[in-house]
Protein chains: 2
Amino acid sequence: MSEVKTVDVLIIGAGPAGLALANWFRNSNINVLLVDKKAVPTRRGKAEGLKSTTNEIFDSYGIGPQIAAESWRLEEIAIWGQKKDGGESGIEREQLIQDKVEELGKVRETMLQQSRVEYHMQQNLLGHKNITIQYDTQPVEVKIDESSLHSEDEVYPVEVRLVKTQVESEGASNILENSTPHTANGDAEEVEERIRAKYIVGCDGAHSWLRKQLQVQLEGDLTDSVFGVVDLIPKSNFPDLRRVCYLRASTGTILLVPRSNKEVRLYIPVESGSSLSDPKDLTFDRIISAARKIMSTYTLEVGSVSWWSAYRVGQRVGSHFSRHNERAFLVGDAVHTHSPKAGQGMNTSIQDAYNLGWKLRLVLQQRDKTQLLDSMAASKLLATYESERRPVAQDLISFDRGYLKLFAAPSAQFDTEFLRAMKFTTGLSIRYPPSCAVQLPRGVETAEQLGPSLLKADLVPGKRLPDFQAVYQADGITAWIHRRLQATGSFRVIVFAGDIATHKHLSTNVQKLGEYLADSEDGLGALTAGGEAAPVEVLIVHSADRDKVELLDLHEVFRPWSDSEGYDYWRVLADAESVHEGHGRVYERLEIDPEKGRTLVVRPDGYIGAVLDVDDFEGLGEYFKELGLLSK
Amino acid sequence: MSEVKTVDVLIIGAGPAGLALANWFRNSNINVLLVDKKAVPTRRGKAEGLKSTTNEIFDSYGIGPQIAAESWRLEEIAIWGQKKDGGESGIEREQLIQDKVEELGKVRETMLQQSRVEYHMQQNLLGHKNITIQYDTQPVEVKIDESSLHSEDEVYPVEVRLVKTQVESEGASNILENSTPHTANGDAEEVEERIRAKYIVGCDGAHSWLRKQLQVQLEGDLTDSVFGVVDLIPKSNFPDLRRVCYLRASTGTILLVPRSNKEVRLYIPVESGSSLSDPKDLTFDRIISAARKIMSTYTLEVGSVSWWSAYRVGQRVGSHFSRHNERAFLVGDAVHTHSPKAGQGMNTSIQDAYNLGWKLRLVLQQRDKTQLLDSMAASKLLATYESERRPVAQDLISFDRGYLKLFAAPSAQFDTEFLRAMKFTTGLSIRYPPSCAVQLPRGVETAEQLGPSLLKADLVPGKRLPDFQAVYQADGITAWIHRRLQATGSFRVIVFAGDIATHKHLSTNVQKLGEYLADSEDGLGALTAGGEAAPVEVLIVHSADRDKVELLDLHEVFRPWSDSEGYDYWRVLADAESVHEGHGRVYERLEIDPEKGRTLVVRPDGYIGAVLDVDDFEGLGEYFKELGLLSK
């Protein structure tokens, strides 16, 4: 038996969830070990669709451009139905829908195969010596020391035994996703090591080993829906092979999604009562023959097939997302499963991980050898992972249930429901409940009481900050805010300062606010000092004429100097016309009065923590006191 | 003495020019050896500005997105002058200019340091086994066998002796660029090899070894202008540190260019007659002290300095760009030098290489073991490298002379001249003269006779195809044409087919044109068949309602099938509204009548080879006959 190694965070599973979680710990001193029973990273694609909210996460990890360069966009969705003209059989194009959500202001969905998404997230970890990925490794035993869970000292209550393992290669082409989990057999245990960790996170997929160890139940059921999935190059005269198509014929339905390399993916549900309702009975030929029947009148010859599979859809949510006083967590497919139709699997897994990561980082981060949060505040913050993400998973299941029905049994409401679904799946309707990290203004009980302009603009604590385009004061370069808000672990105070060139009271406000933000006695100075490592970064978005504002006239907290790096020129933005990309109209879109302004606290994950008046310094302090970052 | 190796192309120098040239040979069977006397790739930046025409080249090499992701844009240029208010000394901002050329329709210039540009071009060669880069190697002798130059057989008339070499490291911080060329000393010759090549290309910079061997003279002179250049992090209250600034004070001028990592670069010319007119006398302290004087009233403290240098500007053009019956070529700084002010060095070098590369590829390419061009046609095509690029270099020198004067001695015309210069430096005014590769229509003697609409739209043989945005018929995805036109070595026939849904004569035209293009007896079939390796690729840009056009109704030459790859869906484009990016208005911008259409022959380098009526099949055939790709 080898020595016991210690790590801060042990992550089980290096798929999209595990890699997304690990990316939060770049540029920190937090030790992370990521283990995966696979021998090598995933090669074959499974999930592919990336919602704009997921792409914003990649932007914050600095890998947005690389991923965007390889992705392609979904621009159009075609709805096909049974020919209405009585005599004729076959299907016809009923509708061509633009894949666009107006209020989003940008591309809603792009496509990239899972293996490439994983590749970029993995590459992004290279050179970060605090983060290790170990393939070919799986846990076989976990013990959690209940006695030390509430200790104020640095403790490693989680102990895990890892073994080297050989699993079946991915070569077999008919993996039945939900019926033959990869498990190691006893003989393969060659090397063994013991790890002690402060936290353990299960990102180990639908057959999660950790979920079983934590005795977390999946609530819900396997549905009757069996799906056949095929990736192939079709030889077909069907005219919409490069559009997402929903084909609904009397003989069944197909979801067709274009892939790279001229391939398309076909999802074909098989209903209960059919002889094919056991995935094991579903052969490739039967899937293709079902597809041919549905497409009828059009030809469908098979060019080449890169992958196919069959599985039964489960719609289940874990009873708990965290256990053992927030020392053990479950993320992504490990705590919820649903149909692949809405393209939510990979997106939700990454978003779960993104929600948890910054909280663990904040809890583990030290400044001057002291934890930023005490153990009580830490537990409180970590508990918001479950209180925020479990309802999302539950909503997703109810949505999925309806969506699956909608798709399987066409109805007159299809189009309306489909458009509503497009907004839902983009994640625009998520709102996290009030907590230490999501604070409503004093005297406001529910978000609905915030008033119409905040609600209309979606400036609501618990909602994702709406992305917007502004222009840097210093150089006129265009910034999209979520690309600007890199995942450093910092909270942001974004001051919408208004027209500070015209209104004296506003420039006075900003000066006073600057003093408060820099004041280490009575203000936020302890949190804003220290450059990029500071727990709070301060940004301004003003609405004044850019020519009338000089960067160096503003308080130094808005353009801090470092001897090695010079000024930070990129904390002051203007709601102004960009040379090449038009006007972002931020104040208009966010319903902010340029004579009054507005201050937002934005969490490290880009969600709004608090919405305040510009002169409400006390409210600003309150947020960080409540969270535990500032002593009361 | 080792054995003699043979290669098709030997490139001396792996800087921007050599790497850009080598990139043309990806996905071919042409053997290329690139040697560089440096021990490792460049680390420190020299040139940085990338014009849009250069970025289009990166797009065609498939590395545009990666380079764009790392680059930043120049959005604004500030002109500073001596304070006009009599009493006050110091400088004031006179003008803020948007760095934008309206007719370009996109970003004019981006910034990325040379080492990163080289990195991406070099990475793009990995995995192409026909291309080898050998560092730490330099040529010491070249012999060219005159007797075999005109042979029809496969010959290797160039013989070069290479030695392994150790040169001074780049560590010294005050390299005097134009006075201390890197040369190997005799002792360092350790390993020696002999290479025989079909072609040799000198991309070996201002002190070109090959230029001397070829006895090519640089015509022109060293100017009186000595420049000091400093890359530093400034501690300064000067408000435009993140804009390109032209500072003109009574005490001198500065060109200030923002760099990455909060650095700025200062170019400071020292005039003749000054005590500093010998670059060897120009110390770092004297440069900074000159800068302080010019900026006066503003502070300038030096944070950290990453590089500085001093040099005398030469404005010279080589007497020849190719020698020995087009077997030896000189590219970039090896045949022309000028001041760095207009940011033309790296851009022109890459564009020289881009002009030469496809010609060499075409000449060396074989189909069914036969050269595509006979030796006469090959020489004729290769001779256009000099006839096209030498005038560009000469124009650049005259421009530079004026620009340098303009900058050194401020005049009242500064702003007008400056705006004109912005267009010139973007490369929008280049027009290659008529040749086998640039053909004017029958009966037209000079481009001026083409008529106002072609001239206005810049659809002129010898000019770069104006970039435009259209939408793929198959999937609605937006395409910028230069990103679509990958550097495969293929010519493109782009058929602006007009409104083929409304006008019967147009759809008939397109069908007949399709037949001609596919006809291997009397048409272009021999050139269009063979998928991506075909010498000619056919594209359509129609202006019809996209809903009324079905891809599969068009002639197969416009959507060819391959058993392994399926249909090629991306040869048919529409001048239509994009879901996310507006309408490209291609026909309007290019002044093409949707009832008539227009056909363009576009060379592999994106320049227009011929402009034709849609039904002028004969003219289309004529172009390729004249070039030698089709027998007369």
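Under an unreviewed UniProt entry, the name given to chain A is FAD binding domain-containing protein, and the source organism is Neurospora tetraspora. A UniProt comment under Sequence similarities (unreviewed entry) is attached to chain A, and it reads "Belongs to the PheA/TfdB FAD monooxygenase family."

### Quick look at the sheet that holds strand β7 (residues 109-111) of chain A
Residue and element names in this part refer to chain A. Reading across the sheet, the three strands line up as β3-β7-β4 and stay open at both edges, with antiparallel pairing between neighbours. At either end of the open sheet lies a strand with only one pairing partner, and these are β3 (49-51) and β4 (72-73). Here β3 pairs with β7 via three bridges, running antiparallel. Residue pairing for β7: Lys51 is matched across the bridge by Glu109. In the packing of helix α2 (residues 52-60) onto the sheet, the strands contacted are β3 and β7, and the crossing angle to β3 comes to about 80 degrees.

### Here's the deal with the UniProt feature "domain: Phenol hydroxylase-like C-terminal dimerisation" (unreviewed entry) in chain A
Per the UniProt entry, the sites bearing "domain: Phenol hydroxylase-like C-terminal dimerisation" (unreviewed entry) are residues 430-627 of chain A in this numbering. Helix makes up 22% of residues 430-627 of chain A and strand 22%, and the two end C-alpha atoms of the span are 22 Å apart.

### Concerning the environment of Gly498(A)
Residue and element names in this part refer to chain A. Its location among the elements puts Gly498 in strand β24 (residues 491-498). Residue Gly498 is classed as buried on the basis of its relative accessible area, which comes to 0%. Residues Gly498 and Arg598, 100 residues apart in the sequence, show an inter-C-alpha distance of 8.0 Å. Beyond its immediate sequence surroundings of up to four residues, Gly498 is in contact with Leu506, Val541, His542, Ser543, Ala544, Tyr587 and Pro594.

### Describing the interface of chain A and chain B
Chain A puts 48 residues into the contact, and the matching count from chain B is 48 residues. Buried area between chain A and chain B, summed over both chains or domains, comes out near 4200 Å², and the portion from carbon and sulfur atoms is 54%. Together, Lys262(A), Val579(A) and His580(A) form the three largest contributors to the area buried by chain A at its contact with chain B, with a combined 18%. The interface formed by chain A and chain B holds six salt bridges in total. Summed over the shared surface of chain A and chain B, the number is eight residue pairs in polar contact (both at pLDDT 80 or more).

### Observations regarding the relation of the copies chain A and chain B
The two copies are related by a screw operation: chain A maps onto chain B through 180 degrees of rotation and 0.0 Å of translation along the axis, at an RMSD of 0.0 Å. Look at the turn and shift together and you get a two-fold axis relating the two. Taking C-alpha positions as reference, the residue of chain A nearest the rotation axis is Gln66(A), located at 3.3 Å. A share of 100% of the interface residues of chain A reappears at the interface of chain B, consistent with the copies meeting face to face through the same patch.

### Comments concerning the packing of helix α12 (residues 504-518) of chain A against helix α15 (residues 617-627) of chain A
Residue and element names in this part refer to chain A. Where α12 meets α15, the closest approach of the two axes is 11 Å, and the angle between their N-to-C directions is 30 degrees. Taken as axis vectors, α12 and α15 run roughly parallel relative to one another. The handedness of the crossing between α12 and α15 is right-handed. Contact residues: Asn509, Lys512, Leu513, Tyr516 and Leu517 in α12; Phe617, Leu620 and Gly621 in α15. Looking at side-chain class alone, the contact of α12 with α15 contains five nonpolar, two polar and one charged residues.

### Examining the sheet that holds strand β28 (residues 572-574) of chain A
Residues and elements named next belong to chain A. Strands sit in the order β23-β22-β28-β25-β24-β31-β32 across an open sheet of seven strands; the sheet is mixed. In this open sheet, the two edge strands, each paired with only one partner strand, are β23 (478-480) and β32 (608-612). In this sheet, neighbouring strand axes are inclined to one another by 30 degrees on average, regardless of whether the strands run parallel or antiparallel. Direction of pairing for strand β22 (residues 469-472) relative to β28: antiparallel, over a ladder of two bridges. Across the sheet, residue Val471 finds its bridge partner in β28, namely Ala574. Contacts from α15 reach β24, β25 (536-542), β31 (598-602) and β32, with the element oriented near 170 degrees to β24.

### Quick look at the environment of Val7(B)
Residue and element names in this part refer to chain B. Mapped onto the fold, Val7 is located in strand β1 (residues 4-12). Under the relative-accessibility criterion, Val7 is labelled buried at 9%. Sequence separation between Val7 and Lys423 is 416 residues, and the spatial gap between their C-alpha atoms is 40 Å. What Val7 contacts, discounting residues up to four positions off in sequence, is Asn31, Leu33, Tyr156, Ile195, Arg196, Ala197 and Lys198.

### Looking at the confidence of the model for chain A
Mean pLDDT over chain A: 87, with 91% of residues reaching 70 or higher. Counting interchain partners and residues more than four positions distant, the pLDDT-below-50 stretch residues 168-189 of chain A has 40 contacts.

### Side note on the pattern of salt bridges
Residues and elements named next belong to chain A. Following the criterion strictly, the structure yields 80 salt bridges over all chains and no others. Among the salt bridges present, the one from Arg483 reaches Asp59, with a minimum N-O distance of 3.2 Å. Taken together, the residues Arg483 in helix α11 (residues 481-484) and Asp59 in helix α2 connect sequence positions 424 residues apart. Between Arg265 and Asp231 there is a salt bridge; the shortest N-O distance is 2.7 Å.

Rules used in this analysis
- Residues numbered from 1 in each chain as written.
- Chains lettered and ligands numbered in written order.
- Predicted model: local features only at pLDDT ≥ 70, side-chain atom pairs only at ≥ 80, totals over all residues.
- Heavy atoms only, no water.
- UniProt positions renumbered as here; feature names shortened; annotations may be inferred.
- Pairing = 2+ DSSP bridges.
- Helix = DSSP H or I, 4+ residues; strand = E, 2+ residues; numbered from the N terminus.
- Contact = heavy atoms within 4.5 Å.
- Axes fitted to C-alpha atoms, helices over the stretch in contact; angles between N-to-C directions.
- Buried < 20%, exposed > 50% of the residue type's maximum accessible area, 1.4 Å probe, protein only.
- Buried area = accessible area lost by both parts, 1.4 Å probe.
- Salt bridge = Lys/Arg side-chain N within 4 Å of Asp/Glu carboxyl O.
- Polar contact = N/O pair within 3.5 Å; in protein donor to acceptor, adjacent residues only side chain to side chain.
- Least-squares fit on C-alpha atoms with pLDDT ≥ 70 in both.
- Parallel < 35°, antiparallel > 145°, perpendicular 65-115°, else oblique.
- Left-handed = near helix turned anticlockwise from the far one by under 90°.
- Nonpolar A, V, L, I, M, F, W, Y, C, P; charged D, E, K, R; others polar.
- pLDDT = per-residue confidence, 0-100.

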